[in-house]
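Now for the letters of each chain:
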Amino acid sequence: MNEQLVKWDDLQVVLAIAQTGSLSGASRHLNISHATVFRRLNALEKRLDVALFERHRHGYTPTFAGEDLAATGERVQKEIHSAERRIIGQDLKLSGNLRVTTTDTLFAGLLCPVFTTFRQQYPNITLEVVISNQLQSLSRRDADIAIRPTLKPPETLVGRQIGEISLAVYGQQERWKTTILPQAPASLLTENWIGPDVHMGDAALEKWMMDKNATYRLDSMLGMQLAVRHGAGIAVLPCYLGDADKTLVRLSQPIEELTTQLWLLTHPDLRRVARVRAFLAAVTEGIQQQ
């Protein structure tokens, strides 16, 4: 095959269509217009004189040629990301961009003041924070650093455990002010529980909640906290979040089986980057002080 017939942009388009199964999905993934994806695919197929996808009502299915080209695109993509990480890993300056991913709960309950202090200490570092309950890939450089609650951090990443997160049952202060506390969770089974939606992705909490009367579910811990604050029911919340909210009261002791670890993670290729090292140290110190 003439090497000039296929460019990196072409491989990206083929790979995105193969992974998402549609032009619209590829458009969103690549952050380009639907028309641009359509035009690039048609032009590539014309240059190669081969069909790369079978079009049908439900989307696009790669042909053998399409699968081959998508696999090539995936290999090239991995090599490019690896090269980017190695080059960035040689950066010894306390400046540049730093992309961090964490959850909305951790940001609101623990990290916001820590990040503010970091920004004051290192004004030449641009801090980009991705607040999401979905895991971001550090290998694909969706983020440089992840701050996550987990008992099993990925083996492909390096980092440190910076604390433990305890959870307990919380209720509205006004509603429970005359009750003797703490209560055993078993004695609260008949209460109206606010639980996690499946999209929140907390399998341990979902399992623990199976015998509870959870008729109100949310996909955010912050949403659950607000619902408790307004008297919608009781819920399991991280203690760092519930204890800091003066409108709430802790109804139970920390639930041992829900205790998890807080990890600060990065890719091995980035651990010697000056701004990454400075950030890891600042967050570790800030969390330990709290």
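Residues numbered from 1 in each chain as written. Predicted model: local features only at pLDDT ≥ 70, side-chain atom pairs only at ≥ 80, totals over all residues. Heavy atoms only, no water.

### A word on the sheet that holds strand S12 (residues 260-266)
Judged by pairing direction, the sheet is mixed, and its five strands sit side by side in the order S4-S3-S5-S12-S6 without closing on themselves. Both edges of this open sheet fall to strand S4 (125-131) and strand S6 (158-165), since each of them pairs with a single strand only. Strand after strand, the sheet turns through a mean of 20° between neighbouring axes, direction not considered. As paired strands, strand S5 (residues 145-149) and S12 are joined by five bridges and run antiparallel to one another. Along S12, the bridge assignment pairs Ile147 with Leu264. Strands in contact with helix H5 (residues 104-121) are strand S3 (96-102), S4, S5, S6 and S12; relative to S4, the strand with the most contacts, it is inclined by about 180°. Across the sheet, helix H10 (residues 274-289) is in contact with S3, S4, S5, S6 and S12; its angle to S6 comes to roughly 15°. (Pairing = 2+ DSSP bridges. Helix = DSSP H or I, 4+ residues; strand = E, 2+ residues; numbered from the N terminus. Axes fitted to C-alpha atoms, helices over the stretch in contact; angles between N-to-C directions. Contact = heavy atoms within 4.5 Å.)

### So, the side chain of Gln225
Note that Gln225 resides in helix H8 (residues 221-229). Here Gln225 falls in the buried class, since its relative accessible area comes to 8%. (Buried < 20%, exposed > 50% of the residue type's maximum accessible area, 1.4 Å probe, protein only.)

### Quick look at the packing of aromatic side chains
Applying the stated rule across the entire model yields six aromatic pairs. One aromatic cluster in this structure is built from Phe107, Phe115, Phe118, Tyr122 and Phe279. Above the plane of the ring of Trp193 lies Lys212, whose end atom (NZ or CZ) is 5.8 Å from the centre. (Phe/Tyr/Trp six-rings, centres within 6.5 Å; stacked < 30°, edge-to-face > 60°. Lys NZ or Arg CZ within 6 Å of the ring centre and 35° of its normal.)

### With respect to the pattern of salt bridges
Oppositely charged side chains may form a pair once their charged atoms are brought near each other. All chains considered together, the criterion is met by eight salt bridges. With a closest N to O distance of 3.2 Å, Glu191 and Arg175 form a salt bridge. Residue Glu191 is found in the loop between helix H6 (173-176) and strand S8 (193-196), and its partner Arg175 is found in helix H6; the two are separated by 16 residues along the sequence. Note that Asp211 is salt-bridged to Lys212, the shortest N-O span being 2.6 Å. In this structure Lys212 comes out as buried when scored by relative accessible area, which is 11%. (Salt bridge = Lys/Arg side-chain N within 4 Å of Asp/Glu carboxyl O.)

### Quick word on the sheet that holds strand S7 (residues 167-172)
The strand order across the open sheet formed by three strands is S10-S7-S11, and the pairing between neighbours is antiparallel. The open sheet has two edge strands, strand S10 (235-238) and strand S11 (248-250), and neither has a second partner. The sheet shows a mean angle of 50° between the axes of neighbouring strands, taken without regard to direction. In terms of strand pairing, S7 meets S10 through four bridges, oriented antiparallel. In the strand pairing of S10, Ala168 is matched with Leu237.

### Digging into the packing of H5 against H10
Two elements in contact, H5 and H10, have axes separated by 10 Å at closest approach and are oriented at 135°. If you check the angle between H5 and H10, you find them oblique. Every pair of crossing elements has a handedness; the one defined by H5 and H10 is right-handed. For the pair H5 and H10, contact is made by Leu110, Leu111, Val114, Phe115, Phe118 and Gln121 and by Arg275, Ala278, Phe279, Ala282, Val283, Gly286 and Ile287, respectively. Class assignment of the residues belonging to the contact of H5 with H10 gives a composition of 10 nonpolar, two polar and one charged. (Parallel < 35°, antiparallel > 145°, perpendicular 65-115°, else oblique. Left-handed = near helix turned anticlockwise from the far one by under 90°. Nonpolar A, V, L, I, M, F, W, Y, C, P; charged D, E, K, R; others polar.)

These figures capture arrangement, not role.
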